[in-house]
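Examining the three-dimensional arrangement
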Amino acid sequence: MFSKIGIVGLGLIGGSLAKAFRNRTSVKTIVAYNRHEDVLIEAKKQCIIDEYATEITNIFSNCDIIFICTPVQNIIEYAVKLIPFVSKNCIISDVGSTKWELYQKMKQYTDKFMYIGGHPMTGSERFRYNASKEHLFENAYYIITPDETIPKQTIHDFSELIRSIGAIVVTLSPKEHDYVVASISHVPHIIASALVHNVKNLDTPNQYMHLLAAGGFKDITRIASSSPDMWKGICMENKEQILNVLCCFENVIQNIRQNISEEQYQSVYDYFDEARIYRDSFCSITPKSFVKRYEITVDVIDRPGSIAIIAVLFSSHGINIKNMSIVNNREQQQGALYFAFDTEEDRQKSIALLREMNYDVFVKD
């Protein structure tokens, strides 16, 4: 389907795409650009890429797709640099986490290439090539925001390529994408950094807060270790939506502050309880709207090896687990372990095997 792929920016996402395309697809040629040649040399040594350059050159000629994996503010710059080397049938994509402003800028080049915006909802606070991995996109949402001029067959082919590396494709409009990610990604990053600033500013002379800031605090502020260059660009590119969401967040904080100040304890309880219920609903991790999963829950005793026994049982019978989790909130649930499979055949095989071993199995529809 696609023979030659180009990657601009061989960091965490670009490197992971290259590794996934090399090891999981039939793509024949992968070429890459990066500012730092040592990264390119390493990727070539690992046979992940076939050719590289530290400038945008004709190595990108005849590419079917080029992924621009740079900070948001640099994407349009590289798209323009690629124009002399690409055909109008070449797909230019990106992995930036803002889309509307970029979409507006890309519209002037619709006669030069085909633009399909992309945003893989995965990554880590580490952002260099040495953190990249082939399986980074497995079972992760990969949002695409195709231009309305792109043929449906091209969108389908592009989506199939993304699915081939294990991702779950979700199609949104550019504006809808920016509103959604401002709420679930961009503002949470701002808040994580705000919490770190708050502790830094409030710490005692002996720095006891710094010493004791482990466990939960480190967990909820982990993303504050992400690239400041990347997040500066995101804040500028998605300014409107981020400011809207921050206003909503300010209202939430003001309300809980007022309820605590006025000793409205039922309201304080409701604040935490409603958040708990909504947060626990995220445990339904099957993306029902986008891909069919076949689910079960299993009643097990909490003791060492319980999960391993079931995992080995499935593996030895060729059953692939697509999702697995511990069911923490079981008020309306049966079973302590959740499993999801790709096919009804795998689900039925798993049920039969587990019941043979006297497990109580419950089917989720």
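Below is a summary of the structure that appears in this document. Nothing here was measured: the structure is a model prediction, and the numbers come from that model.

Looking now at helix α2 (residues 37-45). For α2, the complete set of buried residues consists of V39, L40 and A43. Axial view of α2: buried residues confined to an arc of 95°, hence all on one face. Counted as exposed and oriented over 90 degrees from the buried face of α2: D38 and K45. Of the surrounding elements, those touching the buried residues of α2 are β2 (29-33) and β3 (51-53). Following α2 by one or two positions, C47 has its phi on the positive side, about 65°.

Of note, C47 is a non-glycine position whose phi angle comes to about 65°, a positive value. Checked against the element boundaries, C47 lands in the loop between α2 and β3. Looking at C47, the relative accessible area reads 53%, which means it is exposed. Positive phi, close to 70°, is recorded for N62, a residue that is not glycine.

Strand pairs in the sheet, formed through backbone hydrogen bonds, run parallel or antiparallel to each other. Strand order in the open sheet formed by 4 strands is β10-β11-β9-β12, with antiparallel pairing between adjacent strands. Edge positions in the sheet fall to β10 (321-326) and β12 (360-364), since each has one partner strand and no second. Strand-to-strand twist of the sheet, defined as the mean angle between neighbouring strand axes without regard to direction, takes the value 20°. In this sheet, strand β11 (residues 337-341) lies alongside β10 in antiparallel orientation, the contact comprising 5 bridges. Bridge pairing links M324 to F339 in β11. Where helix α12 (residues 306-316) meets the sheet, it contacts β9 (294-299), β10 and β11, and its direction lies at approximately 20° from that of β11.

Scanning the model with the defined rule gives 10 salt bridges in all. Across the pair R22 and D50 runs a salt bridge, and its minimum N-O distance is 2.5 Å. Highlighted residues: R22 in helix α1 (residues 12-24) and D50 in the loop between α2 and β3, separated in sequence by 28 residues. For D50, a relative accessible area of 35% puts it in the partly exposed group. A salt bridge links D229 to K232; its shortest N-O distance comes to 4.0 Å. On the criterion of helical spacing, the pair formed by D229 and K232 is a turn pair, its members being 3 residues apart in helix α9 (residues 228-237). Residue class for D229 comes out partly exposed when judged on its relative accessible area of 36%. Within the structure, one salt-bridge network assembled from shared partners comprises R24, E134 and E138.

To continue, consider the state of the cysteines. Under the definition given, this model contains 0 disulfides. This cysteine, C69, is not joined by any disulfide, and C63 carries the nearest cysteine sulfur, 13 Å off. Overall, the relative accessible area of 13% leaves C69 in the buried class. Left unpaired, C90 is separated from the closest cysteine sulfur, that of C63, by 6.1 Å.

Further remarks concern the sheet that holds strand β1 (residues 4-8). Ordered in space as β3-β2-β1-β4-β5-β6-β7-β8, the 8 strands form an open sheet in which the pairing is mixed. The open sheet has two edge strands, β3 and β8 (168-171), and neither has a second partner. For this sheet the average axis-to-axis angle between neighbouring strands, irrespective of direction, equals 20°. Bridge count for β1 against strand β4 (residues 65-68) is 4 bridges, and the pairing is parallel. Its bridge partner being in β4, I5 is matched across the sheet by I65. Along the sheet, α1 contacts β1, β2, β4 and β6 (114-120); its crossing angle with β1, the most-contacted strand, is approximately 165°.

Conventions and cut-offs
- Each chain has its residues counted from 1, running along the sequence as written.
- It should be noted that, the model being predicted, local features are given only for residues of pLDDT at least 70 and side-chain atom pairs only at 80 or more, the latter also being counted only at that level, while totals for whole chains, interfaces and linings use all residues.
- Side-chain descriptors were evaluated using all non-hydrogen atoms of the structure, hydrogens and water having been removed beforehand.
- Exposed residues in this analysis have more than 50% of their type's maximum accessible area, buried residues have under 20%, and partly exposed residues fall in between, with area computed by a 1.4 Å probe over protein chains only.
- Secondary structure elements follow DSSP: runs of H or I no shorter than four residues count as helices, runs of E no shorter than two count as strands, and numbering proceeds from the N terminus.
- The arc in question is formed by the directions pointing from the helix axis toward the C-beta atoms.
- The criterion used for residue contact is that any of the two residues' heavy atoms lie within 4.5 Å.
- Two strands pair under a simple rule: DSSP has to find at least two bridges between them.
- Angles shown run from 0 to 180 degrees and are taken between the N-to-C directions of axes, each axis being a line fitted to C-alpha atoms and, for helices, limited to the stretch in contact.
- A carboxyl oxygen of Asp or Glu within 4 Å of a side-chain nitrogen of Lys or Arg is what we treat as a salt bridge.
- Cysteine sulfurs are considered disulfide-paired once they come within 2.5 Å of each other.

These results come straight from atomic positions and should not be treated as a statement about function.
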